[in-house]
Amino acid sequence: MQLYLYLILAIFAEVIATNALKASNTFTRWGPSLITVVGYGLAFYLLSVVLKSMPVGVAYAIWAGLGMVLTLLVAMIVFGERPDLPAMLGIALIVSGVVVLQCFSKMNAH
């Protein structure tokens, strides 16, 4: 269970860093730039801890899928971004893939 906690923390760090990257205005704003660098550093460190015990394909699928959805939600709230229907369908397919991987794949067995 601790493994999934590290993965969730890695996802949150990556989502914060990605949205701070947009706010950094191509690294011309120091606050968001610092958050970006620290956030990505923390995200990759935590992901590396997770990869000691979880297959890379599974960990990355969860990280990328959930990270994408959370990044989209934060960008909608903070930056007013609105995805169109094809974007929403594509994201739904990715999330569906993560669910199938988690629920049905034997690859996830530790």
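Residues numbered from 1 in each chain as written. Predicted model: local features only at pLDDT ≥ 70, side-chain atom pairs only at ≥ 80, totals over all residues. Heavy atoms only, no water.

### Overview of the nonpolar core
Here is step 1 of the chain: Within the largest apolar cluster, 15 residues are counted, with the highest numbers of intra-cluster contacts made by L7, I11, V50, M54, I62 and W63.
Here is step 2 of the chain: Counting residues per element, the ones that place at least two in this core are α1 (2–23), α2 (30–50), α3 (56–79) and α4 (85–104).
Here is step 3 of the chain: If you tally residues by element for this core, the top one is α1, at 5 residues. (Core = buried A, V, L, I, M, F, W, Y, C linked by side-chain atoms within 4.5 Å. Buried < 20%, exposed > 50% of the residue type's maximum accessible area, 1.4 Å probe, protein only. Helix = DSSP H or I, 4+ residues; strand = E, 2+ residues; numbered from the N terminus.)

### Examining the UniProt feature "transmembrane region" (unreviewed entry) in the protein
Here is step 1 of the chain: Under the UniProt annotation, the feature "transmembrane region" (unreviewed entry) is placed at residues 33–51, 58–79 and 85–104.
Here is step 2 of the chain: Overall, residues 33–51 shows 95% helix and 0% strand. The separation of its end C-alpha atoms is 27 Å. (UniProt positions renumbered as here; feature names shortened; annotations may be inferred.)

### With respect to α4
Here is step 1 of the chain: Here α4 contains 20 residues, and its C-alpha end-to-end distance of 28 Å stays within 8% of the 28 Å for a straight helix at 1.5 Å per residue.
Here is step 2 of the chain: Along α4, the residues that are buried comprise I91, V98 and L101. The arc that holds every buried residue of α4, seen down its axis, measures 80°, which confines them to one face. Exposed and oriented more than 90 degrees from the buried face of α4 are L85, P86, L93, C103 and F104.
Here is step 3 of the chain: Its buried side turned inward, α4 meets α3.
Here is step 4 of the chain: Sitting at the head of α4, D84 places a side-chain oxygen 3.0 Å from the backbone nitrogen of A87. (Expected span 1.5 Å × (residues − 1). Arc of directions from axis to C-beta. Contact = heavy atoms within 4.5 Å. Polar contact = N/O pair within 3.5 Å; in protein donor to acceptor, adjacent residues only side chain to side chain.)

### Things to note about the packing of aromatic side chains
Here is step 1 of the chain: Counted under the stated rule, the structure contains 3 aromatic pairs.
Here is step 2 of the chain: An angle of 85° between the planes, with centres 5.5 Å apart, marks the rings of F44 and W63 as edge-to-face. Note that F44 is positioned in helix α2 and W63 in helix α3, a separation of 19 residues in sequence.
Here is step 3 of the chain: For F44, a relative accessible area of 49% corresponds to the partly exposed category.
Here is step 4 of the chain: Overall, W63 belongs to the buried group, its relative accessible area being 7%.
Here is step 5 of the chain: One cation-aromatic arrangement involves K22 over F79; the distance from NZ or CZ to the ring centre is 5.4 Å. (Phe/Tyr/Trp six-rings, centres within 6.5 Å; stacked < 30°, edge-to-face > 60°. Lys NZ or Arg CZ within 6 Å of the ring centre and 35° of its normal.)

### Looking at a nonpolar patch on the surface
Here is step 1 of the chain: Judged by side-chain polarity, L5, I8, L9, F12, I16 and I35 come together as a nonpolar surface patch covering roughly 530 Å² of accessible area.
Here is step 2 of the chain: Looking at which element gives the most residues to the nonpolar patch, the answer is α1, with 5 residues.
Here is step 3 of the chain: Summarising the element assignment, L5 is placed in helix α1.
Here is step 4 of the chain: Under the relative-accessibility criterion, L5 is labelled partly exposed at 45%. (Patch = residues over 30% accessible without salt bridge, like charges linked within 9 Å, V, L, I, M, F, W, Y side chains within 5 Å. Areas by Shrake-Rupley, 256 points an atom, 1.4 Å probe, with all protein chains shown as cover. Salt bridge = Lys/Arg side-chain N within 4 Å of Asp/Glu carboxyl O.)

### So, unusual backbone geometry
Here is step 1 of the chain: For N25, which is not glycine, the phi torsion reads 55° and is therefore positive.
Here is step 2 of the chain: Note that N25 resides in the loop between α1 and α2.
Here is step 3 of the chain: At T26, a residue that is not glycine, the phi angle is positive and equals roughly 55°.

### Examining the pattern of salt bridges
Here is step 1 of the chain: Under the criterion given, the structure shown has 1 salt bridge.
Here is step 2 of the chain: For K22, the salt bridge identified is with E81, shortest N-O distance 3.0 Å. Here E81 lies in the loop between α3 and α4 and K22 lies in helix α1, a separation of 59 residues in the sequence.

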